[in-house]
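Remarks on the overall topology
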Amino acid sequence: MPHNGGVTADRQSVAIVSLGCARNDVDSEELAARLEADGFDLVAEAADADTVLVNTCGFVESAKKDSVDTLLEAAALKGPGGVQSVVAVGCMAERYGHELAAAMPEADAVLGFDDYPDIGARLRAVIAGERIEAHTPRDRRTLLPISPVDRSTHAADSGHALPGHALPGHALPGHAVGAPDLPDGVAPASGPRALRRRLGSGPMAPVKLASGCDRRCSFCAIPRFRGSFVSRSADEIVGEACWLADHGVRELVLVSENSTSYGKDLGDLRLLESLLGRLTAVDEIARVRVSYLQPAEMRPSLVEVIGSTPGVAAYFDLSFQHASPTVLRRMRRFGDADRFLDLLALIRRIAPAAGIRSNFIVGFPGETEDDVAGLKAFLTDARLDAVGVFGYSDEDGTEAVGLDGHHDAAEIAARLSDVERLAEELTAQRAEDRVGELVDVLVEAVDQGLVEGRAASQGPEVDGSTSLVAVPESVQVGDLVSARVVASSGVDLVADVVRQ
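Quick look at the structure, then.

Rules and cut-offs
Residues numbered from 1 in each chain as written. Predicted model: local features only at pLDDT ≥ 70, side-chain atom pairs only at ≥ 80, totals over all residues. Heavy atoms only, no water. Pairing = 2+ DSSP bridges. Helix = DSSP H or I, 4+ residues; strand = E, 2+ residues; numbered from the N terminus. Contact = heavy atoms within 4.5 Å. Axes fitted to C-alpha atoms, helices over the stretch in contact; angles between N-to-C directions. Expected span 1.5 Å × (residues − 1). Buried < 20%, exposed > 50% of the residue type's maximum accessible area, 1.4 Å probe, protein only. Arc of directions from axis to C-beta. Polar contact = N/O pair within 3.5 Å; in protein donor to acceptor, adjacent residues only side chain to side chain. Disulfide = S-S within 2.5 Å.

1. Description of the sheet that holds strand E1 (residues 13-18)
As summarised here, the arrangement of the five strands in space is E2-E1-E3-E4-E5, forming an open sheet in which the pairing is parallel. Edge positions in the open sheet fall to strand E2 (41-42) and strand E5 (109-110), since each of these has one partner strand only. Sheet topology note: the strand E4 (residues 85-90)/E5 ladder contains two bridges and is parallel. Looking at E5, one finds that Val 87 is bridged to Ala 109. Contacting E1, E2, strand E3 (51-56) and E4, helix H1 (residues 22-37) crosses the sheet at an angle of about 170 degrees to E1. Packed on one face of the sheet, helix H5 (residues 119-127) meets E1, E3, E4 and E5 and runs near 150 degrees to E4.

2. A look at helix H12 (residues 337-350)
Its 14 residues give H12 an end-to-end C-alpha distance of 20 Å, which sits within 8% of 20 Å, the value for a rise of 1.5 Å per residue. Taken residue by residue, H12 has Phe 340, Leu 343, Leu 344, Ile 347 and Arg 348 as its buried positions. What you see down the axis of H12 is that its buried residues fit within an arc of 135 degrees, all on one side. Exposed side of H12, more than 90 degrees from the buried face: Asp 338, Arg 339, Asp 342 and Arg 349 are the residues found there. Where the residues of H12 are buried, they touch helix H10 (300-308), strand E11 (315-317), helix H11 (325-330), strand E12 (355-362), helix H13 (369-382) and helix H14 (409-433). If you check the start of H12, you find a side-chain oxygen 3.1 Å away from the backbone N of Asp 338, and it comes from Asp 336.

3. Describing the environment of Ala 75
As for its placement among the helices and strands, Ala 75 is situated in helix H2 (residues 61-75). What makes Ala 75 buried here is its relative accessible area of 13%. Counting along the chain gives 24 residues from Ala 75 to Thr 51, while the straight-line C-alpha distance between them is 10.0 Å. Excluding its chain neighbours within four sequence positions, the residues that come into contact with Ala 75 are Val 86 and Glu 106.

4. Quick word on unusual backbone geometry
Its identity is not glycine, yet Glu 284 carries a phi of approximately 75 degrees, on the positive side. Glu 284 gets classed as exposed once you look at its relative accessible area, which sits at 53%. One non-glycine residue, Arg 383, adopts positive backbone phi at about 55 degrees. When you line up the elements, Arg 383 lands in the loop between H13 and strand E13 (386-391).

5. Topic: the state of the cysteines
Cysteine pairs can be covalently joined through their sulfur atoms, and such a bond is termed a disulfide. Under the counting rule described, the total for this entry stands at zero disulfides. In this model Cys 213 remains outside any disulfide bridge; the closest cysteine sulfur is found in Cys 217, 6.5 Å from its own. Classification of Cys 213 as buried rests on a relative accessible area of 9%.

Now the structure itself:
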């Protein structure tokens, strides 16, 4: 008899290992809801499971390596009385399909997004020893109409899954839409709300605004395997927010491949502005944060709403990628250092204490030493709170692979080290500039007198954190505490709680 990690002996147990970004975390919670409703027991540790479901990331080479390593680690747990099967899902599985299955015989199955609605049946087939043929990858942008306004209706009838979207026919197994007897902890399938089962217990949760992307950045393969941009309805998102609030969530982090495009396929490009107001009105939600903003699509009305609406974090996650206009055009992106600095000036006029982060690629094909110098000058002028710097690497199926002017690995590594070192210095200076500021900190951990959380200027996981001192004993996880910054260490802040 397989082990069960303490669960019922006649039920199969599943552990979900989620890799990559917050969008993948949302997908994992959808899979968890479907599996639990279909009779599987969820366990936290892979070693305690009959089946390990690895939600892979396929974004860049390092993420793909992490996915392969995690699959191998899970496969090493297989044996009598241990893990019985290992299944790959997620972006890497969708992107490579049968190629991944052939390269990774340690995985018992490689499943794509279209398997998600029937994930329970797929796992039962794997457990029974059936061979499931991995799919042949295709460009998922071709599955939906070119016109954004035609996509939502077509998606509902296409038979192709959109992870994170509550499409007709995608209700939980064994439950008609609207059925009241859902498992404890699973989001209702009634109305348009998405299927979800929390896998964590912290006071923050990501909420997916949309799936897919219509941009054609020459270095990025995501649109090919995530498909065209499709927004979720505002009602669906608000319904999920209410459910999350009922389960202890205090901060919502809105995620997508491109949040600034939200609503364009629903006929309202300013839908995000009105949605933010609705989300801040949800009882028990203390803060709403928006991630993945495209600088070329930022509009003054959105800057105004994010920067000045009570309950919305004055936080701008802007994907600049570079500052050189020549490099940006080769990336098939828009803007330049002056335009980006103008946008930052607008943000700071509206919200002087706003948190601003961005990512940059160095070593892109054709990038010159002058381009790198221009990027460093921009970073110095921009005063960003958090900076991610990545060395360019070819991604299968992208236009950039065929560009001239590729740099060797040593040159890319040298440029990466140079820009990273500057970014580290600048972000530490920016944190030091915040000494004396009054901040609202969402408490995320209380451990033997040590209290840690995040200010509005700090996004989860990717940015710094704030340690609180002089904390009343009554403070607990999930509280939003007013404090004054008294010190900094790197990008991290230290703040004294302000007595009420």
